[in-house]
Amino acid sequence: MNTAEPLVLAVDQGTSATKAILVDRRGDIVAGASAPVALATPAPGWVEQSAEEIWDSCRRVVAACLDGQDPSRVATIGLSTQRESLLLWDRATGAPLSPLLGWLDKRTAGDPALLRAEPDAELIRKVSGLPLDPMFSAPKAAWLLDRHDPDRRRSRAGELCLGTVDSWLLFKLSGAHLIEVGNATRTQLLDVRRCVWDERLTRIFDVPHEVLPHVVPSQGPFPGTRGLAPLPDGVPVTAVLGDSHAALFAHAGWQRGTVKATYGTGSSVMAVIPAATRVSSGLCLTVAWQTGGCPTWAVEGNIRSTGATVNWLAGLLGRPPSELAELAADSSEGVTIVPAFGGLGAPWWDENAVGLISGITLGTEAGQIARAALESIAFQVEDVVAAVERETGPVARLLADGGASSNPVLMQLQADTSGRVVERALARDLSALGAAHLAGLTRGIWDQTALDQLNRPCAISTPVDDEATRTRRLASWHTAVRRARLQASTEQDRPAPAAPVVSPPTGAGTTTTAEPAPSAAPCRTPEPSATGGTP
């Protein structure tokens, strides 16, 4: 029997890369590996990935991460995965019948399935907690089934499997068709309060229940692994989380007064709430995680383009993205970029908004445009943080993570734009770390006290702009957003959509009346629990 200190292995399957880390009892990352994952764009608005490449990348990063390590020391595994992306495969053979339709994919924007759902948009939001939008999985499910099982015969016979990335990986690891509850709430087919597939939603999108995975809590139980060399078969998976949820967990986001912003290709701004209340139209209601038998709910705003904006402009200027901050001038000199490449996400949810650059003159140089690109990230994040604050109360700490958060220029911009102290996590791979923390808690590597006391080092950015400067900059940004939305409405000969009120962080906003479901009322933001998972 191996008496060496146990290790936790976590795999984070993201949009552009798959990562693996090994974490010891002190919470330190002792080894890590990463492998890129390709994106394909075969048509405008289409974003696809290979499911088999994703699985192969997981196997490769695990092998690389364990190179030089003793695999028998791995006591448990946690998974963090990209959300909303969807795949259809054959249950008997395990062969994918489609590419993975990425969360960025917009092919369903004009699809009949989404158009049929529009009269039920308010019901969909009320039950699922999500606005009707191509980003979520339900329209993708209808699109895939319409093309591969139009009469739904094979789906109802249980011959096909629909699943998100966590479902696919669990199927490859164990042969079981499962989905973690937090990922399931992002499909738009789940009742977010009762945490079960909802017949009204599945009927609207014509998705038979037999094709859907079984919903399980974030701590499982999940079957043991297989085929993940050099690990021996049977190592338990004791945590599965969506990537943004996992980052919130790594931040100890169950603590009140905190809001987490993840800076990736897009961005997720998320905060735990005490109950499953009805939230304002600019935000989503989701399950952050389910531990100890009761869900922990969160409000979230999803921003479509943050890091993607930097990559786009870097390509346009012929420079590496890493150089954009160095190129950025001290001021944008009135230049504003609204990166509505595929419409705008939270808090606007306007898929018809168009991208634009405004305020340019003959004297505008690349440095001002680079600055405007970085500012667009900070502006979008602050719009969502302000909306979250109106739902949750004062935000004491803005916690930052993700690749772009390592840019000190951006973090200072965020502090100045928000008028808040920004705490950037210094630990790398925070989504993987959050999955490791929950897996270790479930397995008994840590108890709740030890988890609370883990070292979470951060770099702090303090605002230096005065309130008048901050207010003026935000007003200019919101003027540009209105132009982006007005131009889209004018082109389509429809009335301009009204912009939601975006108050200063200290101001009181208007919220909707709380409507917790009766079955959800007894549950109130529990701390993570070590119970409920595989011992």
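Heads up: the structure comes first, above all this text.
None of these values were measured; they are calculated from a predicted model.

Along the polypeptide, Lys260 turns up in strand β14 (residues 258–263). No salt bridge is formed by the buried Lys260; its nearest oppositely charged neighbour, Asp401, is found at 5.1 Å. Side-chain polar atoms of Lys260 contact the side chain of Ser268, separated by 3.4 Å.

This model, assessed by the stated rule, comprises 31 salt bridges. Its salt-bridge partner being Asp429, residue Lys19 comes within 3.3 Å of it at the nearest N-O pair. Placement of Lys19 in strand β2 (residues 17–23) and of Asp429 in the loop between β21 (422–425) and α14 (430–443) is noted, with a sequence separation of 410 residues between them. Judged by its relative accessible area of 28%, Lys19 is partly exposed. Among the residues examined, Asp429 registers a relative accessible area of 19% and is labelled buried. What emerges from the salt-bridge pattern is a single network uniting Arg83, Glu84, Arg186, Asp243 and Glu300.

Turning next to the nonpolar core. Counting residues in hydrophobic clusters, the biggest one holds 78 residues, and the most contacted among them are Leu162, Phe205, Val207 and Val269. Of the residues forming this core, the biggest block, 12 residues, is contributed by helix α12 (residues 366–392). Not counting chain neighbours up to four residues away, the residues in contact with Leu162 comprise Leu86, Leu87, Leu88, Trp89, Ala141, Leu144, Leu145, His177, Val207, Val211, Leu212 and Pro213. Val37, Ala51, Leu169 and Leu178 belong to the second-largest nonpolar core, a separate cluster that totals 39 residues.

In this section: the environment of Val165. Mapped onto the elements, Val165 comes out in helix α6 (residues 165–174). For Val165, a relative accessible area of 1% corresponds to the buried category. Beyond its immediate chain neighbours, meaning those up to four positions away, Val165 contacts Gln13, Thr81, Gln82, Ser85 and Leu100.

Residues Gly220 and Pro221 are joined by a peptide bond in cis, for which omega reads 15°. As for its placement among the helices and strands, Pro221 is situated in the loop between β12 (214–216) and β13 (237–242). Cis geometry marks the peptide bond from Ala229 to Pro230; its omega dihedral reads 10°. Within the secondary structure, Pro230 sits in the loop between β12 and β13. Its identity as a non-glycine residue notwithstanding, Cys195 has a phi of 60°, on the positive side. Its place among the elements puts Cys195 in the loop between β10 (190–191) and β11 (196–197). Residue Trp349 is not a glycine yet carries a positive backbone phi of 50°. Take Trp349: it is sitting in the loop between β18 (336–338) and β19 (356–358).

This brings us to α14. For α14, built from 14 residues, the straight-helix expectation of 20 Å at 1.5 Å per residue is met to within 8% by its first-to-last C-alpha distance of 20 Å. A large share of α14 lies buried, amounting to 13 of its 14 residues.

Cut-off values and rules
- Residues numbered from 1 in each chain as written.
- Predicted model: local features only at pLDDT ≥ 70, side-chain atom pairs only at ≥ 80, totals over all residues.
- Heavy atoms only, no water.
- Helix = DSSP H or I, 4+ residues; strand = E, 2+ residues; numbered from the N terminus.
- Buried < 20%, exposed > 50% of the residue type's maximum accessible area, 1.4 Å probe, protein only.
- Lys, Arg positive; Asp, Glu negative; His and termini not counted.
- Salt bridge = Lys/Arg side-chain N within 4 Å of Asp/Glu carboxyl O.
- Polar contact = N/O pair within 3.5 Å; in protein donor to acceptor, adjacent residues only side chain to side chain.
- Core = buried A, V, L, I, M, F, W, Y, C linked by side-chain atoms within 4.5 Å.
- Contact = heavy atoms within 4.5 Å.
- Expected span 1.5 Å × (residues − 1).

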